[in-house]
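One-letter residues, chain by chain:
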Amino acid sequence: MKKGYFLMAVITAVMAGLFAVGCSSDGATTPEEEPTLVPVSTATATSTPMKIDDFEASTNPTDPNMLGGDWESGKNASSVNTVTLETGAASTTKSKQMAGNVTGVDPTEKWPYISMATSISYTAEAVDVSGFTGLRLYMKGAKGAGDNTAFLIQLIVPDTMISDGSTWRYTWTPNASWTQVTIPWTSFNAPNWGGTGQGEALTRQQILENVTAIQWAISDVTEGGFGVSTGHTWSVDEIELY
């Protein structure tokens, strides 16, 4: 074989080998790449739900969730809010319960509430959850006696987006028995009383791309906002994004 033809044959063979490595059997390119670790703040949904907390490893109500995010409780000054670990749902051993009274004192404590909330990121930074379909969890609860209250699940975003409390929310009707509740993001909406540029001015996509925490709040909804009600309970378990 002549030298020129031999050299061309070698080059052709090498190129064919490289092409074979870079292709699958159906002709699609399949380059070999190092795996990329995706932080929670930019993670997208997969076929597997992302568990936020099931409380099984918790020994204290303030222990972090399964993603490392904090759990916090809140209330106005005159309300009473006690958060504890209780027997779990669906044969699990633990759940989290909020119990208390919602009391507003005119004129300093309008729209009283009690709440518990958990961060989705261990750094408490905003997380894009738009790749998921919604929130799924077990819940049970009871509305106490007195003035009217609402049980709200709220998507908390940075104060630079909403600073007047007009957070996007889902209103839950309390059920005394453990029930698994599936809540698509399309069921969350802004209240109609937000200020200019607040909750109503934002799109659902903007909210979902900037969630810092999920909050459960029992809030007074009486006219004038100075209601008094006692004996509320709300328990949650097996919380996940799906």
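Predicted, not measured: the structure shown is a model, and the values here were computed from it.

What counts, and at which threshold
Residues numbered from 1 in each chain as written. Predicted model: local features only at pLDDT ≥ 70, side-chain atom pairs only at ≥ 80, totals over all residues. Heavy atoms only, no water. Helix = DSSP H or I, 4+ residues; strand = E, 2+ residues; numbered from the N terminus. Contact = heavy atoms within 4.5 Å. Areas by Shrake-Rupley, 256 points an atom, 1.4 Å probe, with all protein chains shown as cover. Salt bridge = Lys/Arg side-chain N within 4 Å of Asp/Glu carboxyl O. Buried < 20%, exposed > 50% of the residue type's maximum accessible area, 1.4 Å probe, protein only. Pairing = 2+ DSSP bridges. Axes fitted to C-alpha atoms, helices over the stretch in contact; angles between N-to-C directions. Polar contact = N/O pair within 3.5 Å; in protein donor to acceptor, adjacent residues only side chain to side chain.

Draft legend 1. Quick peek at the overall build of the protein chain. Along its length, the protein chain carries two helices and 12 strands. What you see in the protein chain, going N to C, is helices and strands ordered as α-β-β-β-β-β-β-β-β-β-β-α-β-β. Look at the contacts in the protein chain between residues 6 or more apart in sequence, and 75% of them connect residues 24 or more apart. Accessible surface for the protein chain amounts to roughly 12,900 Å². Of this, 55% is attributable to carbon and sulfur atoms.

Draft legend 2. Looking closely at the pattern of salt bridges. Across all of its chains, the model carries two salt bridges by this definition. Across the pair lysine 51 and glutamate 238 runs a salt bridge whose closest N-O atoms are separated by 3.0 Å. Pair noted here: lysine 51 is in strand β1 (residues 50–53) and glutamate 238 is in strand β12 (residues 228–241), with a separation of 187 residues, a long-range link. Exposure remark for glutamate 238: the relative accessible area of 17% places this residue in the buried category.

Draft legend 3. Focus on the sheet that holds strand β9 (residues 168–172). Taken together, the five strands give an open sheet; going across it, the order is β2-β5-β11-β8-β9, and neighbouring strands pair in antiparallel fashion. Looking at which strands have only one partner, the edges of the open sheet turn out to be β2 (71–75) and β9. Mean inter-strand twist for the sheet, computed between neighbouring axes without regard to direction, equals 20°. One ladder, built from five bridges, connects strand β8 (residues 149–156) with β9; its direction is antiparallel.

Draft legend 4. Quick peek at the side chain of asparagine 81. Within the secondary structure, asparagine 81 sits in strand β3 (residues 80–86). Only 3.1 Å separates the side chain of asparagine 81 from the backbone oxygen of glycine 74, close enough to count as a polar contact. Those residues in contact with asparagine 81 that sit more than four places away from it in its chain are Ser73, Gly74, Lys75, Met98, Ala99, Ile114 and Ser115.

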